[in-house]
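Observations on the three-dimensional arrangement
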Amino acid sequence: MEANTTENKKVIFSGIQPSGDLTLGNYLGALKNWVKLQDQYECYYCIVDLHAITVRQEPKNLRAKTLELLAIYVAAGIDPDKNTLFIQSHVPAHSEAQWLLNCNSYIGELSRMTQFKDKSAKYTNVSAGLLNYPVLMAVDILLYQTDLVPVGGDQKQHLELTRDLAQRFNGAYSETFKIPEPYIPPTGARIMDLQEPTKKMSKSTENPNGCIYILDPPEVIRKKIARAVTDSIGVVKYSDEQPGVQNLMSILSTITGMSYDEIEKKYEGKGYGDFKKDVAEAIVAELEPLQSKVKELLADKKQLEEIYSKGAQKANYVATKTLRKMQKKIGFIPVSR
Ligand code: TYM
């Protein structure tokens, strides 16, 4: 991964949905990397509220979760003065550009998306938004002429579609979008459910013991890790036969930077008790400072308002420029001045 050190920094875009409570998977797969990348790149970090309404949200809850997510971004260490932090619905270009790209997307390719297949199997009334969701995600990325998109492994397919749609549009209407690359971290890209370690850790899990929420109090985190499913092999080893242990090792490695070899050596001949305790303490040490910062930030709504207002201004400027380019190439007549 290379970045420019000059004025012309490469561009990063990423986002998280303000639906439900943020998980350790969201944190380790995405947010923690965003913080690391903020000095080298020009970063747009978005709260994707338009994406959240593909399934019905309680309005009061959506408002609260949107502000909480902004507070989490800042508390995790994303500097609002260096980066553009904004709320997706504050930038109308996303919805407008989505229509344009929708008309260049095929139902076949959208209905083949794994996430669409999984989610549409779960709900009875599947919204058109759920099908078109990856087009909105593509637009999010393409409007900012993004170079790199830091996401967890579950978003890889959506990134491939984004590249396909961008190439198709460029091919039909001449060079309009930069073709973005995914950035999927070497560890932490797929944090698994603690109770069913062959399944991704997810906000919408039915068993809350399988999922650590980043605002879980320390005693809850300790309990969930103590109850995490392992196996009867009894050896701390990074092996596909031990998905539970493998998952805990990847959590520990992503937080502490220890390699799998180092972890295996450290717990040689020790069983799972000490190992699990250390995993829990590593998570607590990582999340406790973030949690108190979130509380402070949520007590100062004015400051959060300033952050998202400033972010919306910058994002609107950049996104509208690309939208105008799309409209012109498609053949729309610009409004006369
Ligand atoms: P969302 O809100 O489901 O998840 C946010 C980020 O967290 C990552 N993630 C995980 N990483 C590791 N292990 C897990 N168990 C885990 N669960 C989630 C996701 O990969 C993601 O990076 N479609 C996106 C939001 C989005 C977006 C975008 C992302 C909308 N527009 C443009 C990037 C660029 C989503 O639903 O993420």
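Remember, it's a predicted structure, so these values are computed and weren't measured experimentally. (Residues numbered from 1 in each chain as written. Predicted model: local features only at pLDDT ≥ 70, side-chain atom pairs only at ≥ 80, totals over all residues. Heavy atoms only, no water.)

1. Some points on the layout of surface pockets
- The calculated volume of the largest pocket comes to roughly 1400 Å³.
- For the lining of the largest pocket, the element with the most residues is helix H6 (residues 114-122), which contributes five residues.
- Taken together, the residues that form the lining of the largest pocket break down as 15 nonpolar, 23 polar and 12 charged. (1 Å grid on protein atoms, 1.4 Å probe; cavity = no way out; pocket = protein on both sides within 12 Å on 5 of 7 lines; lining within 4 Å. Points joined across faces, edges and corners; volume = space filled by probe spheres on them. Helix = DSSP H or I, 4+ residues; strand = E, 2+ residues; numbered from the N terminus. Nonpolar A, V, L, I, M, F, W, Y, C, P; charged D, E, K, R; others polar.)

2. Re the side chain of Gln17
- By the secondary structure assignment, Gln17 is in the loop between strand S1 (11-16) and helix H1 (24-37).
- The buried category is assigned to Gln17, whose relative accessible area is 14%.
- Beyond its immediate chain neighbours, meaning those up to four positions away, Gln17 contacts Val48, His51, Ala52, Leu69, Lys119, Tyr133 and Lys203. (Buried < 20%, exposed > 50% of the residue type's maximum accessible area, 1.4 Å probe, protein only. Contact = heavy atoms within 4.5 Å.)

3. Considerations on the domain arrangement of the protein
- Per the domain assignment, the segments making up the protein are domain 1 (6-188 + 301-330) and domain 2 (208-295).
- In this assembly, domain 1 and domain 2 are joined by one salt bridge.
- For Glu286, the salt bridge goes to Lys32, with nearest N and O atoms at 2.9 Å.
- Between domain 1 and domain 2 we count six residue pairs in polar contact (both at pLDDT 80 or more) in total.
- Within the residue set of the side of domain 1 that touches domain 2, elements represented by two or more residues are H1 and helix H3 (59-75).
- Taken together, the residues of the side of domain 1 that touches domain 2 sort by class into eight nonpolar, three polar and three charged. (Domains from an automatic or database assignment. Salt bridge = Lys/Arg side-chain N within 4 Å of Asp/Glu carboxyl O. Polar contact = N/O pair within 3.5 Å; in protein donor to acceptor, adjacent residues only side chain to side chain.)

4. Some remarks on the environment of Leu62
- Counting through the fold element by element, Leu62 comes out in helix H3.
- The class for Leu62 is buried, based on a relative accessible area of 17%.
- Between the C-alpha atoms of Leu62 and Tyr45, which are 17 residues apart in sequence, the distance is 18 Å.
- Residue contacts for Leu62: discarding those within four places in its chain leaves Pro18, Ala52, Ile53 and Gln57.

5. Thoughts on the pairing of S1
- Taking burial as the measure, the six residues of S1 include five buried ones, the bulk of the element.
- Of the pairings in the sheet, the one linking S1 to strand S2 (residues 42-47) comprises six bridges and is parallel in character. By the bridge assignment for S2, Phe13 is matched with Tyr44.
- Assessed by its sense of winding, the connection that carries the chain from S1 through H1 to S2 is right-handed. (Pairing = 2+ DSSP bridges. Right-handed = clockwise from strand over helix to strand, strands pointing away.)

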